[in-house]
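Chain residues, written in single-letter form:
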Amino acid sequence: MGFFRNMFSNNRHVNMSRKKAAPAKENDKPVSPTLQDNFAYIEQALFRTEDLVRRPLAYLSKPGVLLYLSSVCDSQKIHETILKPMAQAGADDLEVVLTATLVEKYSSLEPVIDLMLRGYAVIFLEGRQECHAVRAAFINLRSVDEPANEKSIQGSHDGFIESLPVNLQLIRKQINSRNLIVRRYTLGNITKTDAAIVYLNNLANPEVVDEIDQRISAVNADNIMSGYLLLEYIENQSYSPFPQILQTERPDRVVGNLLEGRVALLTEGTPAALVMPVTFFAFYQSPDDYNSRSLAGSFIRLLRLFSFFIAITLPAYYIAVLSFHYEVIPMELFYQIKGSVEKIPYPPILEALFMELAIELLREAGMRLPSPIGQTIGIVGGLVIGDAVVKVGLVSYPMITVVALTAIASFVIPSHEMSYSVRLLRFPVMILASLFGFIGIFFGLTMIFAHLCKLESFGTPYFAPASPMRLKDWKDALIRSPFWKLNERPLDARPLKLEQENGKRKGNGDDRG
Amino acid sequence: MASGRGTAMIAAKEKITPGQFMMTVIQAQIGVGVLFLPSSVQSVAFNDAWISVILSGVTAFLLILVMWGLARRFPSVTFLEYLPLLLGKVFGKTVLVFYAAFFILECSLVLVLFADVIKDWIFTNTPTWVILSLALIASLYIAQENIRTIARFLVLTFVLIFLLVIIAAYAFRDANILYILPINQSGFPSILKGVVKSMNSFYGFEMLLFCFPYVLGEGKSILKATVLANIFSTLFYTFLVFTCLIVFSPEELKVIPQPVLYMVKALSFTIIERADLYFMTIWAVVVVSTVIAYLFMSSRTISVLLGQKKHRRTAPYVALFILIISLIPHNQEMINVLQTYVGILSGALLVGFPLILLGISYGFGIKGKEQPG
Amino acid sequence: MKKRWARIGLRAGLCGFFLLCGCWDQHLLKDERNVSIGGMDAGQGDKLVATVSIRDITTTELGSKDLSEVHTVLARTTQHARDLLNDEVSGDYSNSKMRVLLLGEELAKNHDFMPHMDVYYRDPKSPLSARVAVTQGTAKEMVELRKIGSRTIGLYIDNLLKSSVDTSSIPDVNIQTLHPLDRGYDFAVPYLTIKDSMPSLLGTALFSGTRMTGKLNLDESKLYLLLCDQIGKTLKLTLKSNTPSAPDGYEYVTVDVNKAKRKFKVTVTKDGEIRARLHLRLRVTVVEDPSNHLYKMAVMHDLERHLSRELTSNAQDVVEKIQRANHDGFGIARRLMSFHPKVWEQLDWNKEYPRIPFDTSVSLQIINTGITD
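Bear in mind the structure is a predicted one, so any value in this text is a computation, not a measurement.

Here is what the cut-offs are and how they apply
- Residues numbered from 1 in each chain as written.
- Chains lettered and ligands numbered in written order.
- Predicted model: local features only at pLDDT ≥ 70, side-chain atom pairs only at ≥ 80, totals over all residues.
- Heavy atoms only, no water.
- Phe/Tyr/Trp six-rings, centres within 6.5 Å; stacked < 30°, edge-to-face > 60°.
- Helix = DSSP H or I, 4+ residues; strand = E, 2+ residues; numbered from the N terminus.
- Buried < 20%, exposed > 50% of the residue type's maximum accessible area, 1.4 Å probe, protein only.
- pLDDT = per-residue confidence, 0-100.
- Contact = heavy atoms within 4.5 Å.
- Axes fitted to C-alpha atoms, helices over the stretch in contact; angles between N-to-C directions.
- Parallel < 35°, antiparallel > 145°, perpendicular 65-115°, else oblique.
- Nonpolar A, V, L, I, M, F, W, Y, C, P; charged D, E, K, R; others polar.
- Domains from an automatic or database assignment.
- Buried area = accessible area lost by both parts, 1.4 Å probe.
- Salt bridge = Lys/Arg side-chain N within 4 Å of Asp/Glu carboxyl O.
- Polar contact = N/O pair within 3.5 Å; in protein donor to acceptor, adjacent residues only side chain to side chain.
- Patch = residues over 30% accessible without salt bridge, like charges linked within 9 Å, V, L, I, M, F, W, Y side chains within 5 Å.
- Areas by Shrake-Rupley, 256 points an atom, 1.4 Å probe, with all protein chains shown as cover.
- Lys, Arg positive; Asp, Glu negative; His and termini not counted.
- Charge placed at Lys NZ, Arg CZ, Asp CG, Glu CD.

**So, the packing of aromatic side chains**
Residue and element names in this part refer to chain A.
So, point 1. The full count for this structure, using the stated rule, is 45 aromatic pairs over all chains.
So, point 2. Seen in terms of ring centroids, Phe-242 and Tyr-462 are 6.3 Å apart; in terms of plane orientation they differ by 50°. Their pairing is tilted. Here the residue Phe-242 occupies a position in the loop between α8 (227-234) and β8 (246-248), and Tyr-462 occupies one in the segment after β12 (460-461), the gap between them amounting to 220 residues.
So, point 3. Taking relative accessible area as the criterion, Phe-242 reaches 2% and is therefore assigned buried.
So, point 4. The buried category is assigned to Tyr-462, whose relative accessible area is 0%.
So, point 5. Summarising the aromatic geometry, the rings of Tyr-317 and Phe-438 are spaced 5.5 Å apart at their centres and angled 10° between planes, so their arrangement reads as stacked. With Tyr-317 in helix α11 (residues 294-323) and Phe-438 in helix α16 (residues 416-454), this pair connects stretches of sequence that are 121 residues apart.
So, point 6. Since its relative accessible area comes to 31%, Tyr-317 is described here as partly exposed.
So, point 7. A connected cluster of aromatic rings, assembled from ring pairs, spans Phe-242, Phe-280, Phe-281, Tyr-284, Phe-308, Phe-309, Phe-449, Tyr-462 and Phe-463.

**Section: the confidence of the model for chain A**
All names here are of chain A.
So, point 1. Scored by pLDDT, chain A has a mean of 84; 93% of the residues are at 70 or more.
So, point 2. Between the elements of chain A, mean pLDDT differs from a low of 52, seen in helix α1 (residues 2-8), to a high of 93, seen in strand β9 (residues 263-267).
So, point 3. Between residues 13-25, whose pLDDT stays under 50, and residues either more than four places distant or in other chains, the model counts six contacts.

**What about the packing of helix α2 (residues 78-88) of chain C against helix α4 (residues 114-122) of chain C?**
Residues and elements named next belong to chain C.
So, point 1. Where α2 meets α4, the axes come as close as 8 Å, and the angle between the chain directions of the two elements is 70°. Considering their axes alone, α2 and α4 lie roughly perpendicular with respect to each other. Touching Thr-78, Gln-79 and Arg-82 of α2 are His-116, Val-119 and Tyr-120, all from α4.
So, point 2. The residue makeup of the contact of α2 with α4, split by class, is two nonpolar, three polar and one charged.

**Points about the domain arrangement of chain C**
Residue and element names in this part refer to chain C.
So, point 1. Taken domain by domain, chain C consists of domain 1 (28-218) and domain 2 (235-373).
So, point 2. One C-alpha centre belongs to domain 1, the other to domain 2; they are set 32 Å apart.
So, point 3. Taken together, the 16 residues of domain 1 in the interface contact 13 residues of domain 2.
So, point 4. Of the roughly 1000 Å² buried where domain 1 meets domain 2, counting both sides, 56% is carbon and sulfur surface.
So, point 5. Here domain 1 and domain 2 share zero salt bridges between them.
So, point 6. Linking domain 1 with domain 2 are four residue pairs in polar contact (both at pLDDT 80 or more).
So, point 7. Listing elements by their share of the side of domain 1 that touches domain 2, those giving two or more residues are β10 (198-208) and β11 (211-217).
So, point 8. By residue number, the principal contributor to the side of domain 1 that touches domain 2 is β11, which donates four residues.
So, point 9. Classifying every residue of the side of domain 1 that touches domain 2 by side-chain character gives six nonpolar, six polar and four charged.

**A look at the domain arrangement of chain A**
So, point 1. Here chain A is described as being made up of domain 1 (35-135), domain 2 (164-278) and domain 3 (290-460).
So, point 2. Spacing between the C-alpha centres of domain 1 of chain A and domain 3 of chain A amounts to 62 Å.

**Let's talk about the side chain of Gln-258 of chain B**
So, point 1. Note that Gln-258 of chain B resides in the loop between α11 (250-255) and α12 (259-265).
So, point 2. Every residue in contact with Gln-258 of chain B, bar those within four places of it in the chain, is listed here: Leu-35, Phe-36, Val-117 and Trp-121 of chain B.

**Overview of a nonpolar patch on the surface**
So, point 1. A cluster of nonpolar side chains, Ile-379, Val-380, Leu-383, Val-384 and Ile-385 of chain A, forms an exposed patch at the surface whose accessible area comes to about 460 Å².
So, point 2. If you trace the backbone, Ile-385 of chain A turns up in helix α14 (residues 371-392).

**Points about a positive patch on the surface**
All names here are of chain C.
So, point 1. A cluster of like positive charges, contributed by Lys-259, Lys-261, Lys-263, Lys-265, Arg-277, Arg-281 and Arg-283, occupies part of the molecular surface.
So, point 2. You can see Lys-259 is positioned in strand β13 (residues 252-268).
So, point 3. Taking relative accessible area as the criterion, Lys-259 reaches 51% and is therefore assigned exposed.

**Thoughts on the interface of chain B and chain A**
So, point 1. Taken together, the 31 residues of chain B in the interface contact 28 residues of chain A.
So, point 2. Where chain B abuts chain A, roughly 2800 Å² becomes buried across the two surfaces, and 76% of that area is made up of carbon and sulfur atoms.
So, point 3. Counting the contacts that link chain B with chain A gives two salt bridges.
So, point 4. Ionic pairing is found between Glu-327 of chain A and Arg-274 of chain B, a salt bridge with its closest N-O pair at 3.8 Å.
So, point 5. Inspection of the chain B/chain A interface yields five residue pairs in polar contact (both at pLDDT 80 or more).

Here it is as structure tokens:
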């Protein structure tokens, strides 16, 4: 078996004890009083990269040199905050003279080189055994637009962007509590990506936070470029079809979850937050539920949960009925369906697989192409192929209806991850249905629900509050009760404080009581 | 101690609430009996079958009391661990072998009857082993886990029992209350015979012996949960038997082995017809719940016999064994023989033995340690 | 690690095996030929003439088109007929979606048709909710009408029976409700005929045991259903008005029964005589009455009294007719079994029944007269 294992695994050292490779301790070079020495060392350390700029200058008639990497520094900032004040300087202390927000003094060169990579400019002055690193990073931010794939009708239209500080700021803006805590990590041995977990100190369960902290700290990989990469390192079961960490690009969704005692993980370069621990039902919630009134919100939410069942079972049900139990179709519908399928040469399972495959292809094609062409693909696929396929006699009309309904039902789910998993799950259920009819579907569903019962996300049951059953929490999971009814936070994240609001009200004559 | 866990505390992660325990017991009790009970009891107790079912419920209640009394004296260990304490190591183990055999046979019986119905009603040509392995794979997947996960799953599928009730209640349209009159026509002896026949459907409360230390809360609340579960099952079975008795005439019940299915077969609604197919599918899941409970109990017992700590490893082999046993009976006669064996074993192990054990425990003053904390 | 791969391999192997095995009990809808109506007639000797109409439908984007294909075979039993038909029909013959089963009058009257029904009760796929009717002449002639207008014969008769059941002209029976094992009452089924090469309703055929022994016309049939307490959604009675010398067109009144309350009591006197009391109380709406103006209370009460009298006499006629046919539609036998089991055991029911004195009466109350008085 070892042979197969090696064949499938590209990790040569899988059985070696994983030692955390300690960063090699380089001999730290102190700043030399001669400019040339310093420049030579830095040039050497950066392997003579050609975006290294050397700008000689004079400060209080002493010669000096400014070094920076032109690719990460903003020349405008260098001019405004370094060169201009230095030229007009009267005082001796450089830190007073420079107008940049961040000026640090260093006496050795190694840390300075790391800082240069992050957009600092370094000033060396002749005869001094220290240098000044000045932050002049070039910042190119896109605006905090509404995320394209998580649109909401009502509510805020902010979205996370690729910058960690901006994302943190978006969260802080909404929670002005001193309990909001940010813990920073630097991840990836090569990429050195900044990441941060955010939580409310007085709500999040310390066990959960510790668990997350441990899992993040244990990651030892060269490349943790984005949060999505990190996700698979820290989730409970990567082979489960269900996502156990919620990815969202909406600050309001993150804020809502933080206030339920969950933890969010933000990563530099990733326009999304990872929220954990979450339950199955979190993937079926959308900020719109909370921004509309409770009846409408509940209706939409029930509709989405219903769509879960449709997306998984409808094609399977249809296949089972057509190949095993056609007796269950009521009379008139029976003859209509019979008339449609009579001339189809293939059994329904092949019909369904063919159509499902076609839809998945269309979807993928539509997504890859630029939007005007993408729409054309949708029309060509939906109308032309759909019609032709029936006329040729490959697929019947009822099957097209079923497959289309299923596709729509799987798009209703607000989370892409969950949408993928539902689309995946429907295939085994379809195959079971084609083998064992209704019994097959039910065994498939039994396995799925058993898996949901088994699954945990950071020590909390994944299928809560349906299993373990906690009817109290249903009012914010299956439906959305009015806010004044949601006296307690859901139990699944095990928050420190359960009560979240006090349903007392002023005035009388309303339905609150 | 053979089990290796000894008096080790049960981790908080494995505890279940009394509510979860209640549903676990209900799910273990309600199983194949849904379809078989009405006609099998009716065959001996005639139109007083429903009285027999109620009396069986009462009997089950008494047995629960005995088992609870026994379990209460050993609040922190399971039956498997205190049995050797009461009977001595060698004899205790011998008795455990019988228990293991009983659980395995009961599980096989459930599966045999399940396959029988499925073969009669939908899959005439599908080989039995395919149907059985499908059910066993699904059960094994969850029965391997600890009691907490099992309880969670059983709570989830508990809803399906109500669906069965709703579908069956539809048959009241064709009901004729006159069929059950006159009451007590068959006489008390045949009612008692009916009690014996229907007892098999009530087994499942022996989960009490296995789960007692895992349930949170006082001994009294555990008793309450078990009794409530038993009441629910009794009401459910009585409802079904009663419905069948008033829908079918006594003569018809004689020739219809699964009256509940037959009853719903002719129902047709606006959007679906042939409600029996849906009924049977839901019933299949209810049966799987029972199989889960028995598979769990048998693999726990066997793990203890083999000195294994966890039952996760043993469960697949036990399942395979059960599959092989279930494949042996291929006609009604052999099923009846199996039924007799299970009946004798259950009489001895679930009625006789707990009483003896309770006597020994009180007589010799053997008690377990109080649950710490 | 090794074990893990072994496990995964096992699972994959199992899945693959299931897939390779194929589907044993699959019967694809597209390959089946579905019977929509079947007819049974008595053949020579003990043989059975079975006639079926297979409904084919072709759906194109322009709409659908119905076709009816009729086959007739002479067979020994129903199952034999199915086998013969399967040989005759292209595709797999299936009757699981059959809507109507017709019995020829000859078969119903002079033969016991129950043996032919056995396969319907035994086969899990059989259409137990199919309606049953007796036809004047042979069922073959009826099925061979093939199409009435754009509708196939099966659909036509099914709709005909359905709407007539709703208006309480005929009893609502299907194969399931016929199952005649010792129920303690006799069944009656709709009675059809062919008029101008169209199927039409004649009334109700009364059965005694499993043989047809009498028939009621549509008016009697309605009253019969009222007396049996089996009315459908609505029931309208058109009766002679109380103005004896009314001109043509003014002599009838139609009432819609809103509520019917039946009191039915079977008593056994000390010397073993069985008596039946049947009292019907109707609350009706007058929907048509050209001769009377009912704003006067006196007129209304007059009408009430008159209609009660007329209905009582009609009801007595119906009772007499069904007694003559030895048809126990009210379930007197069932009541005797339930309430007087000892009397029942000593009875020769077929002789006793026609002699039972009935005390039949109908009272009527007008509660509404439509939007004019």
